[in-house]
Amino acid sequence: QVQLTESGGGLVQAGGSLRLSCAASGRTFSSYSVAWFRQAPGKEREFVAATGAYADSVKGRFTISRDNYKNTVYLQMNSLKPEDTAVYYCAARFGLRTTSRLDYNYWGQGTQVTVSS
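Source: prediction; values computed, not measured.

What counts as what
- Residues numbered from 1 in each chain as written.
- Predicted model: local features only at pLDDT ≥ 70, side-chain atom pairs only at ≥ 80, totals over all residues.
- Heavy atoms only, no water.
- Pairing = 2+ DSSP bridges.
- Helix = DSSP H or I, 4+ residues; strand = E, 2+ residues; numbered from the N terminus.
- Axes fitted to C-alpha atoms, helices over the stretch in contact; angles between N-to-C directions.
- Disulfide = S-S within 2.5 Å.
- Buried < 20%, exposed > 50% of the residue type's maximum accessible area, 1.4 Å probe, protein only.
- Salt bridge = Lys/Arg side-chain N within 4 Å of Asp/Glu carboxyl O.

Here four strands make up an open sheet; going across it, the order is β1-β3-β8-β7 and the pairing antiparallel. Looking at which strands have only one partner, the edges of the open sheet turn out to be β1 (4–7) and β7 (62–67). Averaged over neighbouring strand pairs, the angle between their axes works out to 15 degrees when direction is ignored. As judged from the six bridges shared by β7 and strand β8 (residues 72–77), these two strands associate in the antiparallel manner. By the bridge assignment for β8, Thr63 is matched with Gln76.

Taken as a whole and assessed by the stated rule, the structure comprises one disulfide. Each disulfide pairs two cysteine sulfurs, and for Cys22 the partner residue is Cys90, the sulfurs being separated by 2.1 Å. Across the S-S bond of Cys22 and Cys90 the torsion is about 70 degrees, and the bridge reads as right-handed. Residue Cys22 is found in strand β3 (residues 18–24), and its partner Cys90 is found in strand β9 (residues 86–94); the two are separated by 68 residues along the sequence.

Turning our eyes to something else, we now look at the pairing of β8. The side chains of a regular strand alternate between both faces of the sheet. Most of β8 is tucked away, with five of its six residues classed as buried. Looking at chain direction, β3 and β8 are connected through six bridges and run antiparallel. When the bridges of β8 are listed, Ser21 appears paired with Tyr74.

This part is about the pairing of β3. Within β3, five of the seven residues are buried, leaving the element largely enclosed by the surrounding structure. As paired strands, β1 and β3 are joined by four bridges and run antiparallel to one another. Looking at β3, one finds that Ser7 is bridged to Ser21.

Turning next to the pattern of salt bridges. Tallying each qualifying case throughout the model produces four salt bridges. The salt bridge partner of Arg38 is Glu46, with a shortest N-O separation of 2.7 Å. By relative accessible area, Glu46 is classed as partly exposed at 36%. We note a salt bridge from Lys59 to Asp56, for which the minimum N-O separation is 3.2 Å. Looking at Asp56, the relative accessible area reads 64%, which means it is exposed. One salt-bridge network, in which partners are shared between bridges, spans Arg38, Glu46, Arg61 and Asp84.

Read these as spatial facts, not as claims about activity.
In structure tokens:
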């Protein structure tokens, strides 16, 4: 069982940066793949980033990293745009990472990111 808690969201101007954190419980966290997804109002939840994979819309601007000693995964978001506004979720699955939200069993509660123009 893995419990995930996101933090770091907020309001930022276009062009600014935020770093999201996803803190996980569980002693076997290193065995889980973690990804970030986001959901804007009226839209489906979409893949953002996992180790070695990024959505086209965030490539070159977002970076995912993890610290297994701290059981934490980060999403560094630079050059933010208004279209990045969404609730951001981290998700975990046992085994290799995928980009499909259907493959992830564990989800955090989400953190709101709002980018003003």
